[in-house]
Amino acid sequence: MTAPLQDRVAIITGAGQGIGADVATVLAERGATVILNDILADRVEDTAAAMRARGLRAEASVFDLTDEDDIARAVGAIAARHGRIDIVHNNAAFQTTEQRARDLDVMNLPADAWDKAFAVNARGPMLLCKHVLPTMIAGGGGSIIHSASGFGLLGEMTLTAYGASKAALINLGRFIATQYGKQGVRSNVIAIGFVLSETAVETTPQAVKDVLLAHHLNPELGSPRDIANVVAFLASDDSRFINGALIPVDGGFTAHQPSMVDFQRLFAAAGSNQL
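The rules behind each value
Residues numbered from 1 in each chain as written. Predicted model: local features only at pLDDT ≥ 70, side-chain atom pairs only at ≥ 80, totals over all residues. Heavy atoms only, no water. Patch = residues over 30% accessible without salt bridge, like charges linked within 9 Å, V, L, I, M, F, W, Y side chains within 5 Å. Areas by Shrake-Rupley, 256 points an atom, 1.4 Å probe, with all protein chains shown as cover. Salt bridge = Lys/Arg side-chain N within 4 Å of Asp/Glu carboxyl O. Helix = DSSP H or I, 4+ residues; strand = E, 2+ residues; numbered from the N terminus. Buried < 20%, exposed > 50% of the residue type's maximum accessible area, 1.4 Å probe, protein only. Pairing = 2+ DSSP bridges. Right-handed = clockwise from strand over helix to strand, strands pointing away. Polar contact = N/O pair within 3.5 Å; in protein donor to acceptor, adjacent residues only side chain to side chain. Contact = heavy atoms within 4.5 Å. Axes fitted to C-alpha atoms, helices over the stretch in contact; angles between N-to-C directions. Expected span 1.5 Å × (residues − 1). Arc of directions from axis to C-beta. Core = buried A, V, L, I, M, F, W, Y, C linked by side-chain atoms within 4.5 Å.

Q: Where do I start with a nonpolar patch on the surface in this structure?
A: On the surface, Phe-263, Leu-266 and Leu-275 cluster together to form a nonpolar patch covering roughly 330 Å² of accessible area. Of note, Phe-263 is situated in helix α10 (residues 260-270). In this structure Phe-263 comes out as partly exposed when scored by relative accessible area, which is 32%.

Q: Sorry, what's going on with the pairing of strand β5 (residues 142-149) here?
A: Put simply, side chains in a regular strand alternate between the two faces of the sheet. Here β5 lies mainly inside the structure; eight of its eight residues are buried. Judged by which residues are buried, β5 turns out to be covered on both faces: Gly-142, Ile-144, His-146 and Ala-148 on one side and Ser-143, Ile-145, Ser-147 and Ser-149 on the other are all buried. With four bridges connecting them, strand β4 (residues 87-90) and β5 associate as parallel partners. Along β5, the bridge assignment pairs Ile-87 with Ser-143. In the classification by handedness, the crossover that spans β5, the intervening helix α6 (residues 160-180) and the parallel strand β6 (residues 185-192) is right-handed.

Q: Help me understand the side chain of Thr-204, please; the structure alone is not making it clear to me.
A: As for its position among the elements, Thr-204 is in the loop between α7 (198-203) and α8 (206-214). Among the polar contacts made by the side chain of Thr-204, one reaches the main-chain carbonyl oxygen of Ala-200 at a distance of 3.0 Å.

Q: Just to check I follow, could you spell out the environment of Leu-159 for this structure?
A: Following the sequence through the fold, Leu-159 ends up in the loop between β5 and α6. The spatial distance from the C-alpha of Leu-159 to the C-alpha of Asp-103 is 4.9 Å, given a sequence separation of 56 residues. Look past the residues within four positions of Leu-159 in its chain and what remains in contact with it is Gln-95, Arg-100, Asp-103, Leu-104 and Phe-151.

Q: Whenever I open this one, the sheet that holds strand β3 (residues 58-61) confuses me. Can you help?
A: Either a parallel or an antiparallel arrangement is found when strands of a sheet pair, and the pairing is made through backbone hydrogen bonds. Reading across the sheet, the seven strands line up as β3-β2-β1-β4-β5-β6-β7 and stay open at both edges, with parallel pairing between neighbours. Only two strands of the sheet have a single neighbouring strand rather than two, namely β3 and β7 (246-249). Neighbour-to-neighbour, the strand axes of this sheet turn through a mean angle of 20°, independent of strand direction. The pairing of β6 with β7 spans four bridges and is classified as parallel.

Q: When you look at helix α3 (residues 68-82) in this model, what are you seeing that I'm missing?
A: Helical geometry note: an α-helix holds 3.6 residues per turn, so side chains three or four residues apart project in the same direction. Here α3 spans 21 Å end to end across 15 residues, near enough to the 21 Å set by a 1.5 Å rise per residue. Considered for burial, the residues of α3 that qualify are Asp-70, Ile-71, Ala-74, Val-75, Ile-78 and Ala-79. Around the axis of α3, the buried residues are gathered within 160° of arc, so they sit on the same side. α3 presents Asp-69 and Ala-80 as exposed residues on the side facing more than 90 degrees away from its buried surface. The inward-facing, buried residues of α3 abut β1 (9-12), β2 (33-37), β3 and α5 (111-138). The opening residue of α3 is Asp-67, an N-cap whose side-chain oxygen sits 3.1 Å from the backbone nitrogen of Asp-69. Taken from the residues just after α3, Gly-83 is the one with a positive phi, measuring 80°.

Q: Help me understand the nonpolar core in this model?
A: Looking at soluble globular proteins, one finds that nonpolar side chains tend to be buried together. Within the largest apolar cluster, 30 residues are counted, with the highest numbers of intra-cluster contacts made by Ile-12, Leu-27, Val-34, Leu-36, Met-51, Ile-190 and Ile-227. Secondary structure elements with two or more residues in this core: β1, α1 (18-29), β2, α2 (41-53), β6 and α9 (224-235). Apart from residues lying up to four places away in sequence, Met-51 is in contact with Ala-24, Thr-25, Ala-28, Val-34, Leu-36, Leu-56 and Ala-58. If you look at the next biggest cluster of nonpolar residues, it comprises 24 residues, including Val-9, Ile-71, Leu-127 and Leu-169.

The values reported here are purely geometric and, on their own, carry no functional implication.
Okay, here's the thing in structure tokens:
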């Protein structure tokens, strides 16, 4: 049986570790040639090398999503080397520990923290698409998958810049679908919930994980592979009739009333779920 992504070329940003690395692995396992992008050269080179050691087609491409000239150079080189670009996963996001400490409520939000979030999380994906789209369209179309977040859908007490930048990414996905769908381009957004990536496991206190799990409808939190499987589906022809969509991949976190957990406790105490 032919692999569903055989002979396709994919660019995955932020692919040095975490969700991006898992996406690259799954796409390659399904037949794609994957170009892993990250700003950290050593990390992305090591990840690509480990994939090649397994017999997967993987290359590292170090370029800066905040630098349009660097993006144009990298995309041009990929297109020249492979003759096509079929899949883009806009996965990278600026969310360092230092940024999280500064990305607070609006009254306490430094303007440069806002600017940095938008530069990587919204402007970067736009620029990558700007330079990929001519090659993708010339090849008959392709699939672009944007990784947004529940923070881009709902308000929160903190991470204002991150949430606003992800909201911008959601509508960027719709605009691309609207503008280029007739030319064979599909552009869809996944709103990712809390996922137990390596960083999340190491840096998230258990009390926070417990709060988040309580609001999931699934009995467990998600993994990077859960996200990668959805990206692979959206990259393939199996999802050919999905375009301009926003798909929550969050274990049901955004599917219920905000009061759900409080009512669970109330009903448990009352011995009934009658309001």
